[in-house]
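# Descriptive structure summary
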Amino acid sequence: MFAACATLPSEGGEGSLPNAHAGPFREIAGEELGNARTAPHVMEDDERFARDASVVDLDGDPSTLAAAGFFAATLHPEDAPPDPLAPPNAVVRYDAADGRSFERSSVTVLAPELPWEGGTVAAPSAVLVRGEIWLYYAAAGGIGLARSADGLAFTREPAPVLAPAADGDGWERGAIPRSPGVVRLPDGSLRMFYEVAGEAGASFLGEARSDDGLAWERVGGGPALEPASIVGAGAPEGAGAPAAEGEPFDSAAVSDPAPALAVSATGRPLLRVYYAGRDSAGRSAIGLAARLGHDGPLERAVAPVFGASSALSPRAPAVAVYPGFSLLFVTQAAGTRDGQGYPVVAAGVAPADAALPPPTR
């Protein structure tokens, strides 16, 4: 389920950056998961299809494990059958005292209300900002923001905080930004990575910066990350045919960015961006790109950090970093048999030999 190597770019000739906590990730084991969850699935709901997790440390202290998980979900009337293909129309919260064993009860914290949302709220990205939980989310008209003092009652902004670029001739070509991943930098500013749809099924990652989390400025004149086959090779041909031998796992699309802060072995700040990569055959795996410092080009790892040989097509990564280990949450199919195509959330841990604290029972 994971690649044997996830080597990151070298630090100015000082050797490879440390990556034990960055990946590769192994699947979480049954004895490491509580609350009657079945490993590696930390979330399985075949009624509302909770997926696309964003996990936030409740007190901002990485030495404590208590976390809130925000998930996209599809609510349906009691007289209608659940439909895993219907777009998400809610963000729900589940708590986990151990950071991974999510409780069985949930609270709906966000549902579509505004015309620009187009009846959908999806792809939550939660971040702690001055004691509040700020929840960025994707909707029909762009990326929105809702804020809360307790993580339960949210007040949303009346318009998208990141809408399609005004310059329709720019590299985004007026596409609606989606799948936000937001991180707060040590100076208090915020960075957002987001997905931009391209032609022939391709997708790219853009980047924006903000001092206050409300007004965002796009960074650079092109993608922060693009499919591997596009780098110096033109546009991809799209999915459908079997992947070519030796084709990069992210040759057709990169999506679902999830940024995380770290520090290099020499004490330099490091920004990691996890993402879903897809090849021309439609198979996906979780990749990792990184930069030294908070600005500059991203360099991708040489192999996926999770799902390299999986038939379950993991996507939508989220990473929670704790002293001694990191947890990875991904959305994937429940299984490969008929009727198991609905989405679930699975978890992995790095390094592979990490000893996790006892789970919540």
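My aim in this report is to walk through the structure given alongside it, one point at a time. (Residues numbered from 1 in each chain as written. Predicted model: local features only at pLDDT ≥ 70, side-chain atom pairs only at ≥ 80, totals over all residues. Heavy atoms only, no water.)

### Section: the pairing of strand S15 (residues 253-263)
Rule in force here: Only protein chains enter the accessibility calculation, which uses a 1.4 Å probe; a residue whose area is less than 20% of its type maximum is buried, one above 50% is exposed, and one in between is partly exposed. Numbered from the N terminus, helices here are DSSP runs of H or I no shorter than four residues, and strands are runs of E no shorter than two. Note on pairing: two strands pair once DSSP finds at least 2 bridges between them.
Buried residues dominate S15, accounting for 9 of its 11 residues. Inspection of the sheet shows S15 paired to strand S16 (residues 269-278) by 9 bridges, in the antiparallel sense. Paired with Leu261 across the bridge in S16 is Leu271. Hairpin connection of S15 to S16: 5 residues between the antiparallel strands, including Gly267 at a positive phi of 85°.

### Quick look at the pairing of strand S4 (residues 67-73)
Burial runs high along S4: 7 of the 7 residues are buried. Of the two faces of S4, the one carrying Ala67, Gly69, Phe71 and Ala73 and the one carrying Ala68, Phe70 and Ala72 are both buried. Bridging between strand S3 (residues 51-57) and S4 involves 5 bridges; their strand directions are antiparallel. By the bridge assignment, Arg51 is partnered in S4 with Ala72. Inspection of the sheet shows S4 paired to strand S5 (residues 90-96) by 7 bridges, in the antiparallel sense.

### A closer look at the sheet that holds strand S11 (residues 178-184)
Taken in spatial order, the 4 strands line up as S11-S12-S13-S14 in an open sheet, and their pairing is antiparallel. The sheet terminates laterally at S11 and strand S14 (217-218), the two strands that pair on one side only. Both strand S12 (residues 190-197) and strand S13 (residues 203-210) contribute to a ladder of 8 bridges, which runs antiparallel. Looking at S13, one finds that Tyr194 is bridged to Gly206.

### Remarks on the packing of aromatic side chains
Inclusion rule: Classification of ring pairs rests on two measures: the distance between centres of Phe, Tyr or Trp rings, Trp counted by its six-membered ring, which must be within 6.5 Å, and the angle between planes, read as stacked under 30 degrees, edge-to-face over 60 and tilted in between. For a Lys NZ or an Arg CZ to count as sitting over a ring, it must be within 6 Å of the ring centre and within 35 degrees of the ring normal.
Applying the stated criterion across every chain yields a total of 11 aromatic pairs. Seen in terms of ring centroids, Phe25 and Tyr274 are 6.1 Å apart; in terms of plane orientation they differ by 65°. Their pairing is edge-to-face. Here the residue Phe25 occupies a position in the segment before strand S1 (26-27), and Tyr274 occupies one in strand S16, the gap between them amounting to 249 residues. Classification of Phe25 by relative accessible area gives buried; the value is 0%. The exposure class assigned to Tyr274 is buried, which follows from its relative accessible area of 2%. Members of the aromatic cluster, connected to one another through ring pairs, are Phe71, Tyr94, Phe102 and Phe329. A cation sits over an aromatic face here: Arg147 above Trp134, 5.0 Å from the ring centre.

Note that all results are geometric; they support no functional claim without further evidence.
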